[in-house]
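Letter by letter, the chains look like this.
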Amino acid sequence: MIRAENLVKTFGDFTAVSGISFDVRQGEIFAFLGPNGAGKTTTIKMLTTLLKPTSGTIELDGLNPTHHQKEARRRFGIVFQDPSLDNEQTAYENMELHGILYHVPRKVRTERIETLLKIFELWDRRDDYVKQFSGGMKRRLEIARGFLHTPKILFLDEPTLGLDPQSRNQLWTHVKRLNETEKTTVFLTTHYMDEADRVAHRIAIIDHGKLIAQGTSAELKESTNSDSLENAFLALTGESLRDESASSAEGMRQMARMWRR
Amino acid sequence: MNAVYILWLRELKRYIRSRVQIIASLGQPVLYLLALGFGLGPVFQRAGAGSYVQFIAPGVVGMSILFMCVFSGISILWDRQFGFLKETLVAPVPRMSIMLGRTLGSATVATIQGLLVFIVCLIAGFRPHSWTAFPQAFIFMAMVAITFAALGTAFGSIIKDMQGFPIIMNFMVLPMFFLSGALYPLSHLPAVLTLITRIDPLTYGIDGLRGALIGTWHFSFAVDVAVMSGIAVVFLSLGAYLFSKIQL
């Protein structure tokens, strides 16, 4: 369903992603793990047409997103790392707007908005402005929105960041349920190893832009002789802390781009 | 097409829901109208140029449209900050539709704002030379709105943080207003100022608006419409191009 081959992305002389390949099967929940600045978000941005790869190929449901951008975009839903809701509109209006942008016919749209808002327990709050929502509610709304156009693939980029255990638990229950009922392929990143362990069918670990391990949680634990996924992860990626220079470098690049124009 | 509509509607909803902002943005035009209109009125009258309130009202209407357009354009920056921009940019719709929806939305909102300021002008004592001229004036309001909404989109696409905003305001928007003939007649100006006012796009919009409302044209209806249409096309293309280049 998602195939990447020798995917490379460089920003100037900084290599964010250097030659990764993986294959995600239809209906699978695939976790993409790695320390800060390892290249997770850059990879997701390339898979979702927001960034063009420097080299390498991507296939989403048999389509190359660089060439068939529009068709590819219809096939996936994405929940970004940071919020992407319109705070000045109500929950329902946010869903409606998304449905229209994704060409969901009116009748289907109305039905699905109702179903999804009920699943994610937001139906009673549908006419409230998003700015009045808590972090967990916003997250739920974003995920509900991601499912609205019945995507074949759902990308979740650290969807549980900053949520309490209750919300996290509930969120993964919903995602698993929709993965089972709608056969949606899920590609997720997270920093919580227990979540990946519980939800994902297969896991890939990326560090310094390279894939260093791939397999089921059990396989990863076995290959590193660890008793938990967290220990396996630490064994594979080392214990040193990563600086967040990637993000400030990105800021500088943006400044540079702005002045060059 | 639906994408254009829903994004247009979004701009409209945001405007109608922020009543405080509507009132607040009436403040500045009213200040210009009252302080300058009545303050400089006697001097203007003595110079033999008639009523200054009559003269300045179309300029103030044009100004409020210009400012509203630029502010809405800059809202791209907020959408970038709060993430909503991403949601529209990954959707399976052409960027062009997104840009058009937003721009037409800003233009509609700015036109409404212009009409509100026009009503305030009427309350302050402004009288158009004939009521039948109103449709003509409306055409110019809409043209100014579309032109500068497109420019606002262009600005919103290139600046990446709030620090860029004063640069745009002080070096682009305010000069465009002050050098447009909104506040003073275009005849008998020093040569340099004459030249600058001629290349300021707002000049033709204000002249058209004033011509329609009080019947005195510096250029003519045909010239103003032709120039404004040309500039609208240029700014719309520029806005569409810069918007298509946005990277997140």
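The shown structure was predicted, so the numbers you read here are calculated from the model rather than taken from an experiment.

Q: Mind showing me how you'd approach the overall build of chain B here?
A: Across its full length, chain B carries 11 helices and zero strands. The order of helices and strands in chain B, counted from the N terminus, is α-α-α-α-α-α-α-α-α-α-α. Taken over the C-alpha trace, chain B has a radius of gyration of 18 Å; the compact-globule value for 248 residues is 18 Å, and the two agree within 12%. By its C-alpha atoms, chain B is 60 × 40 × 35 Å across when sized along the principal axes. Counting all 248 residues of chain B, 46% fall into the buried class. Within chain B, contacts between residues at least 6 apart in sequence are counted, and of these 81% link residues at least 24 apart.

Q: Looking at this structure, I do not really get the sheet that holds strand β1 (residues 2–11) of chain A. What am I missing?
A: In a beta sheet, neighbouring strands are held together by backbone hydrogen bonds and run either parallel or antiparallel to one another. All names here are of chain A. Across the sheet, three strands lie side by side as β2-β1-β4; this open sheet has antiparallel pairing. Across the chains shown, the open sheet's two edge strands, defined by having one partner strand only, are β2 (14–24) and β4 (55–60). In this sheet, neighbouring strand axes are inclined to one another by 20° on average, regardless of whether the strands run parallel or antiparallel. Across eight bridges, β1 lies against β2 in antiparallel orientation. Bridge pairing in β2 places A4 opposite F22.

Q: Could you clarify how one ought to interpret the packing of helix α6 (residues 95–123) of chain B against helix α11 (residues 221–244) of chain B in this entry?
A: Residues and elements named next belong to chain B. For the pair α6 and α11, the least separation of the axes is 9 Å and the interaxial angle reads 125°. In terms of axis orientation, α6 runs oblique to α11. The interaxial crossing formed by α6 with α11 has right-handed handedness. Facing R95, M96, M99 and T103 of α6, the residues of α11 in contact are G239, A240, F243 and S244.

Q: Would you mind going over the packing of helix α7 (residues 134–158) of chain B against α11 of chain B with me for this structure?
A: Between two packed helices, the angle of one axis relative to the other and the distance separating the axes together describe the packing. Residue and element names in this part refer to chain B. Contact geometry of α7 with α11 gives a least axis separation of 8 Å together with a crossing angle of 25°. On the basis of the axis angle, α7 is roughly parallel to α11. Considering only the axes of α7 and α11, their crossing is left-handed. Note on element contacts: α11 touches α7 through M228, I231, A232, F235, L236, L238, G239, L242 and F243, opposite M143, I146, T147, A150, L151, T153, A154, S157 and I158. Grouping the constituent residues of the contact of α7 with α11 by class yields 14 nonpolar, four polar and no charged.

Q: Even after reading the chapter, I still don't get unusual backbone geometry, so can you show me in this structure?
A: Peptide bonds are, in most cases, trans, and in most cases residues other than glycine have a negative phi. Residue and element names in this part refer to chain A. A positive phi is found at K183, a non-glycine position, where the angle reads about 60°. In this structure K183 comes out as exposed when scored by C-beta crowding, with 11 C-beta atoms within 10 Å. Phi at H208 is positive, roughly 50°, even though this residue is not glycine. Structurally, the position occupied by H208 is in the loop between β8 (202–207) and β9 (210–215). Judged by local crowding, H208 falls into the partly exposed class, with 16 C-beta atoms found within 10 Å.

Q: Can you walk me through the interface of chain B and chain A in this structure?
A: Residue-level contacts link 20 residues of chain B with 24 residues of chain A. Those elements giving two or more residues to the side of chain B that touches chain A turn out to be α1 (2–17) and α5 (84–89) of chain B. A per-element tally of the side of chain B that touches chain A places α1 of chain B first, with seven residues. A per-class count over the side of chain B that touches chain A returns 10 nonpolar, three polar and seven charged.

Q: Please explain the pairing of strand β5 (residues 76–79) of chain A as it appears in this structure.
A: For a regular strand, side-chain orientation follows a simple rule: the groups alternate between the two sheet faces. Residues and elements named next belong to chain A. The alternating pattern of β5 places F76 and I78 and G77 and V79 on opposite faces, both of which are buried. For β5 and strand β6 (residues 153–157), the ladder comprises four bridges, and the chain directions are parallel. Across the sheet, G77 pairs through a bridge with L154, a residue of β6.

Q: I tried to follow the environment of T197 of chain B on my own but got confused; where do I start?
A: All names here are of chain B. In this fold, T197 is placed in helix α9 (residues 191–199). On the basis of neighbour counts, which here come to 20 C-beta atoms within 10 Å, the residue T197 falls in the buried class. Residues T197 and V70 lie 127 residues apart in sequence; the distance between their C-alpha atoms is 20 Å.

Q: Even after reading the chapter, I still don't get helix α5 (residues 135–147) of chain A, so can you show me in this structure?
A: For the α-helix, the turn length of 3.6 residues means that residues three or four positions removed from each other point alike. All names here are of chain A. Counted at 1.5 Å a residue, the expected span for α5 with its 13 residues is 18 Å, and the 19 Å between its end C-alpha atoms agrees. With 10 of 13 residues buried, α5 lies mostly within the body of the structure. Here α5 has its buried residues at K138, R139, R140, L141, E142, I143, A144, R145, G146 and F147. Buried-residue contacts for α5 involve β5, α3 (91–101), α4 (106–119), β6 and α6 (165–182).

Definitions and limits used
- Residues numbered from 1 in each chain as written.
- Chains lettered and ligands numbered in written order.
- Predicted model: local features only at pLDDT ≥ 70, side-chain atom pairs only at ≥ 80, totals over all residues.
- Helix = DSSP H or I, 4+ residues; strand = E, 2+ residues; numbered from the N terminus.
- Rg over C-alpha atoms; globule rule 2.2 N^0.38 Å.
- Buried ≥ 20, exposed ≤ 12 C-beta atoms within 10 Å, placed from the backbone.
- Contact = placed C-beta atoms within 7 Å.
- Pairing = 2+ DSSP bridges.
- Axes fitted to C-alpha atoms, helices over the stretch in contact; angles between N-to-C directions.
- Parallel < 35°, antiparallel > 145°, perpendicular 65-115°, else oblique.
- Left-handed = near helix turned anticlockwise from the far one by under 90°.
- Nonpolar A, V, L, I, M, F, W, Y, C, P; charged D, E, K, R; others polar.
- Expected span 1.5 Å × (residues − 1).

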